[in-house]
Amino acid sequence: MSYLSEVGDLQISKYTNIGSLAILIFDFCITFQDEVHWIWSRPWNLIRVIFTISRYLPFVGSGLTAYAALRVSGPSGGNIIHIISIVAAEGLLVIRTWAFWGKSKKLLIGLLTYSV
């Protein structure tokens, strides 16, 4: 692989990271009113905590990724934030799927086994 090809691939990766942050911000803007209506008036429980983590932590992770993409050199951080965001989103998906299928214990065991 040539040097120019690697530089081009790096530039595409940087543009993709910045574009992903733009999509995340756009999604937030178009769903914020529904979030206020359906989430903010509810009492705090485990589901709301998981939702909040999966909703707002990606902004931090994407912001750190965008910052790292715009920097010229140096180490990038924020991997743990990405991991926590992914685990929260997957947990929310498991809970929603379990609830949709009538809170079946067999399904929950299968989902948790598959998730790990």
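Analysis parameters
Residues numbered from 1 in each chain as written. Predicted model: local features only at pLDDT ≥ 70, side-chain atom pairs only at ≥ 80, totals over all residues. Heavy atoms only, no water. Axes fitted to C-alpha atoms, helices over the stretch in contact; angles between N-to-C directions. Helix = DSSP H or I, 4+ residues; strand = E, 2+ residues; numbered from the N terminus. Parallel < 35°, antiparallel > 145°, perpendicular 65-115°, else oblique. Left-handed = near helix turned anticlockwise from the far one by under 90°. Contact = heavy atoms within 4.5 Å. Nonpolar A, V, L, I, M, F, W, Y, C, P; charged D, E, K, R; others polar. Buried < 20%, exposed > 50% of the residue type's maximum accessible area, 1.4 Å probe, protein only. Polar contact = N/O pair within 3.5 Å; in protein donor to acceptor, adjacent residues only side chain to side chain. Salt bridge = Lys/Arg side-chain N within 4 Å of Asp/Glu carboxyl O. Phe/Tyr/Trp six-rings, centres within 6.5 Å; stacked < 30°, edge-to-face > 60°. Patch = residues over 30% accessible without salt bridge, like charges linked within 9 Å, V, L, I, M, F, W, Y side chains within 5 Å. Areas by Shrake-Rupley, 256 points an atom, 1.4 Å probe, with all protein chains shown as cover.

Asks: Looking at this model, I keep getting lost on the packing of helix α3 (residues 79–100) against helix α4 (residues 105–115). Mind explaining?
Replies: Viewed as axis vectors pointing N to C, α3 and α4 meet at an angle of 160 degrees, and their least axial separation amounts to 10 Å. Comparing their axes, α4 and α3 come out roughly antiparallel. Both α3 and α4 take part in a crossing whose hand is right-handed. In this structure, α3 uses V94, T97 and W98 to contact α4, whose residues at the interface are L107, L108, L111, L112 and S115. Taken together, the residues that form the contact of α3 with α4 break down as 6 nonpolar, 2 polar and no charged.

Asks: For this particular structure, what's the right way to read the side chain of E35?
Replies: Turning to its location among the elements, E35 is positioned in helix α1 (residues 3–40). Taking the relative accessible area as the measure of exposure, E35 reaches 5% and is therefore buried. A distance of 2.5 Å separates a polar atom in the side chain of E35 from a polar atom in the side chain of Y56. When neighbours within four sequence positions are excluded, E35 is seen to be in contact with F28, W40, F51, R55 and Y56.

Asks: How should I be thinking about the pattern of salt bridges in this particular structure?
Replies: Note on pairing: side chains with opposite charge can pair once their charged atoms come close. According to the stated counting rule, one finds 2 salt bridges in the structure shown. R55 is paired through a salt bridge with D27; the nearest N and O atoms lie 3.4 Å apart. A residue pair is termed long-range when its members are at least 10 positions apart, and R55 in helix α2 (residues 46–70) and D27 in helix α1 qualify at 28 residues. Relative accessible area serves as the criterion here: at 13%, R55 is assigned to the buried category. One salt bridge in this structure joins E35 and R55, with 2.8 Å as the shortest N-O distance. Of this pair, E35 sits in helix α1 while R55 sits in helix α2, placing them 20 residues apart in sequence. No difference in accessibility class separates E35 from R55, as the two residues are buried. Salt bridges sharing partners connect three or more residues here, namely D27, E35 and R55.

Asks: Explain the packing of aromatic side chains here, please?
Replies: Pairs of aromatic rings are described using the distance from one ring centre to the other and the angle between the two planes. With the rule as written, the count across this model stands at 6 aromatic pairs. Taking the centre distance of 5.3 Å and the plane angle of 85 degrees together, the rings of F32 and W40 count as edge-to-face. Residue class for F32 comes out partly exposed when judged on its relative accessible area of 29%. Taken together, F28, F32, W40, Y56 and F59 form an aromatic cluster joined through their ring pairs.

Asks: Where do I start with a nonpolar patch on the surface in this structure?
Replies: Nonpolar side chains collect at one region of the surface, where W44, V49, I53, I80, I83, I84 and V87 lie side by side and expose about 660 Å² of accessible area between them. Elements represented by at least two residues in the nonpolar patch include exactly α2 and α3. Of all the elements, α3 adds the most residues to the nonpolar patch, at 4 residues. Tracing the backbone shows I80 in helix α3.

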